[in-house]
Amino acid sequence: MPMAVDNLTADSDIPSIRQAISASIAQCMREAIPEGYDVTEANKQKWCGGKAYGIARERTGKELREGTAR
């Protein structure tokens, strides 16, 4: 299913990007883990976050350091 981050572009501003990431993580958490992925319920939140941030980085071309461990 399409996620909010799929609609981001290089022109998207940071507040819009954050909103799209948040909505995408929430959507992902409500859905079942797709077959073929080795993801347990215990690490589903990390998987969903990584998926949302990865798509956001790809679509915007921005680093988005908020999604990285420091």
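Structure: see above.
Residues numbered from 1 in each chain as written. Predicted model: local features only at pLDDT ≥ 70, side-chain atom pairs only at ≥ 80, totals over all residues. Heavy atoms only, no water.

1. A word on the overall build of the chain
Moving on, step 1. Summing up its helical and strand segments, the chain has two helices and zero strands in all.
Moving on, step 2. Relative to the globule expectation of 11 Å for 70 residues, the C-alpha radius of gyration of the chain, 12 Å, shows essentially globular dimensions.
Moving on, step 3. Seen through its C-alpha atoms, the chain measures out along the principal axes to roughly 35 × 30 × 15 Å.
Moving on, step 4. Looking at the chain as a whole, 30% of its 70 residues are labelled buried.
Moving on, step 5. About 4,900 Å² of surface is accessible on the chain, with carbon and sulfur atoms providing 50% of the total. (Helix = DSSP H or I, 4+ residues; strand = E, 2+ residues; numbered from the N terminus. Rg over C-alpha atoms; globule rule 2.2 N^0.38 Å. Buried < 20%, exposed > 50% of the residue type's maximum accessible area, 1.4 Å probe, protein only. Areas by Shrake-Rupley, 256 points an atom, 1.4 Å probe, with all protein chains shown as cover.)

2. A closer look at helix 2 (residues 44-60)
Moving on, step 1. When the terminal C-alpha atoms of helix 2 are compared, their 24 Å separation across 17 residues agrees well with the 24 Å that a helix rising 1.5 Å per residue should span.
Moving on, step 2. Elements in contact with the buried residues of helix 2: helix 1 (14-30).
Moving on, step 3. Where helix 2 ends, the next residue or the one after it, Gly61, has phi of about 75°, a positive value. (Expected span 1.5 Å × (residues − 1). Contact = heavy atoms within 4.5 Å.)

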